[in-house]
There are 2 protein chains.
Amino acid sequence: MLSLQTLRDQQDGVFTPACPSRVVLDHVTSKWGVLVLAALADGTLRWGEVRRAVGGISEKMLASTLKTLEADGLVSRTAHPEVPPRVEYALTPLGEGLVEAMSPLLAWVAAHAEEIVSG
Amino acid sequence: MLSLQTLRDQQDGVFTPACPSRVVLDHVTSKWGVLVLAALADGTLRWGEVRRAVGGISEKMLASTLKTLEADGLVSRTAHPEVPPRVEYALTPLGEGLVEAMSPLLAWVAAHAEEIVSG
DNA sequence: CCGTATCCTCACAGATACTG
DNA sequence: CAGTATCTGTGAGGATACGG
């Protein structure tokens with residue numbers, strides 16, 4: 001099974017406290033990051049659509065989560081100069097790779113959530 | 001690609017605000033949860049070994065993280081009645097399944113961290 | 001419609017000290 | 001060795017109001 005030790009055998013010092021992977025892991029596994037990325041997996045969404053798709057996220061946290069993901073190069077933002085304004089968010093190729101890597105985790109959690117909370 | 005919508009098509013209401021999967025997702029993607037689980041993927045570890053394997057985690061957070069994971073049925077705790085005390089932690093079958101589902105994500109983050117932070 | 005700005009709070013998290 | 005106890009702060013996150 002893939003363990004921390006296995007990863008470190010392949011890549012020296014990975015996931016040690018000072019390693020950048022710790023920062024990326026924090027972004028990716030932030031409270032809302034996973035859900036926003038998964039929401040965009042279907043394709044481009046507008047701001048309000050992301051908000052509804054995720055559900056329960058405040059405007060402030062959506063803005064901040066999208067900014068972090070955009071700064072990380074995982075999500076792209078396209079503003080259309082119209083009235084009323086239209087802004088669209090989509091996964092970058094990098095973000096698509098990440099969502100694929102997250103998929104088994106999401107599927108597992110969806111499948112086992114009931115078992116765990118009732119357990 | 002696996003999206004929120006895809007998951008909801010298969011399982012009505014999953015990952016909506018009131019769904020238990022949100023709680024499980026929070027536990028699993030907590031700051032230290034991922035790293036502790038990955039550390040245990042190699043096999044049984046003693047308290048101090050987990051602490052060293054993860055790196056940078058305080059005693060308080062290790063205790064609290066292990067408790068949450070144990071309560072979720074993902075990690076088992078075995079206290080050996082010896083002096084000095086010896087306590088061992090291991091993944092349960094459920095936890096092993098979770099770690100397998102997390103593996104692609106960890107591998108992806110390890111592979112792309114540098115690329116992301118350097119922007 | 002798509003955000004910013006502001007204020008507030010509470011639980012996450014670190015540091016330190018101590019115990020069976 | 002394997003924790004618990006306590007104190008403290010920081011910032012993630014929510015609510016509300018407002019602006020382009």
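Look above for the structure.
Residues numbered from 1 in each chain as written. Chains lettered and ligands numbered in written order. Predicted model: local features only at pLDDT ≥ 70, side-chain atom pairs only at ≥ 80, totals over all residues. Heavy atoms only, no water.

1. Structural notes on the protein's contact with DNA strand D
Note the cut-off: Here a residue counts as near a molecule or strand whenever at least one of its heavy atoms sits within 4 Å of it. Pairs of N or O atoms are called polar contacts if they sit within 3.5 Å, as long as, within protein, a hydrogen donor faces a hydrogen acceptor (for residues adjacent in sequence, only side-chain-to-side-chain pairs). Labels follow the DSSP assignment, with helices taken as runs of H or I lasting at least four residues and strands as runs of E lasting at least two, numbered in each case from the N terminus. Residues are grouped as follows: Ala, Val, Leu, Ile, Met, Phe, Trp, Tyr, Cys and Pro are nonpolar; Asp, Glu, Lys and Arg are charged; all remaining types, including Gly, are polar.
By nearness alone, 18 residues border DNA strand D, and Lys31 and Lys60 of chain A together with Arg46, Arg77 and Tyr89 of chain B come closest of all. Taking all atoms of DNA strand D within 4 Å of the protein, the share assigned to sugar and phosphate is 60%. Separating a phosphate oxygen of DNA strand D from a backbone N or O atom of Gly48 of chain B is a distance of 3.1 Å. Between DNA strand D and Glu59 of chain B, the relevant distance is 3.2 Å, taken from a base oxygen to a side-chain nitrogen or oxygen of the residue. Of all the elements in the fold, those that place two or more residues in the surface near DNA strand D are helix H5 (59-71) of chain A together with helix H4 (47-54), helix H5 (59-71) and strand E3 (86-91) of chain B. Here the residues of the surface near DNA strand D are counted per class, giving nine nonpolar, two polar and seven charged.

2. Examining the relation of the copies chain B and chain A
The condition is simple: Alignment of copies: least-squares fit on C-alpha atoms of residues with pLDDT of at least 70 in both copies. Contacts are assigned to residue pairs that have any heavy atoms within 4.5 Å of one another.
Under the fitted operation, chain B is carried onto chain A by 0.0 Å of movement along the axis and a turn of 180°, and the coordinates agree to an RMSD of 0.1 Å. These values place the two chain copies in the arrangement generated by a two-fold rotation axis. Minimal C-alpha distance to the rotation axis in chain B is attained by Thr29 of chain B, lying at 2.6 Å. Of the interface residues in chain B, 100% have counterparts in chain A that sit at the interface too, so the contact is made through matching surfaces.

3. Section: the side chain of Arg8 of chain A
Heads up, the rule is: The cut-offs for exposure are 20% and 50% of the maximum accessible area for each residue type, with area from a 1.4 Å probe on protein chains only; residues under the lower value are buried, those over the upper are exposed, and the others partly exposed. The charged-residue count follows a simple rule in which Lys and Arg add positive charge and Asp and Glu add negative charge, with His and chain termini not counted at all. Any carboxyl oxygen of Asp or Glu within 4 Å of a side-chain nitrogen of Lys or Arg constitutes a salt bridge here.
Along the chain, Arg8 of chain A turns up in helix H1 (residues 4-10). Although Arg8 of chain A is buried, it forms no salt bridge, and the closest oppositely charged side chain is Asp12 of chain A at an N-O distance of 7.8 Å. At 2.7 Å, the side chain of Arg8 of chain A forms a polar contact with the backbone oxygen of Ala53 of chain B. Ignoring sequence-local partners within four residues, the contact set of Arg8 of chain A consists of Val14, Phe15 and Thr16 of chain A together with Ala53 and Val54 of chain B.

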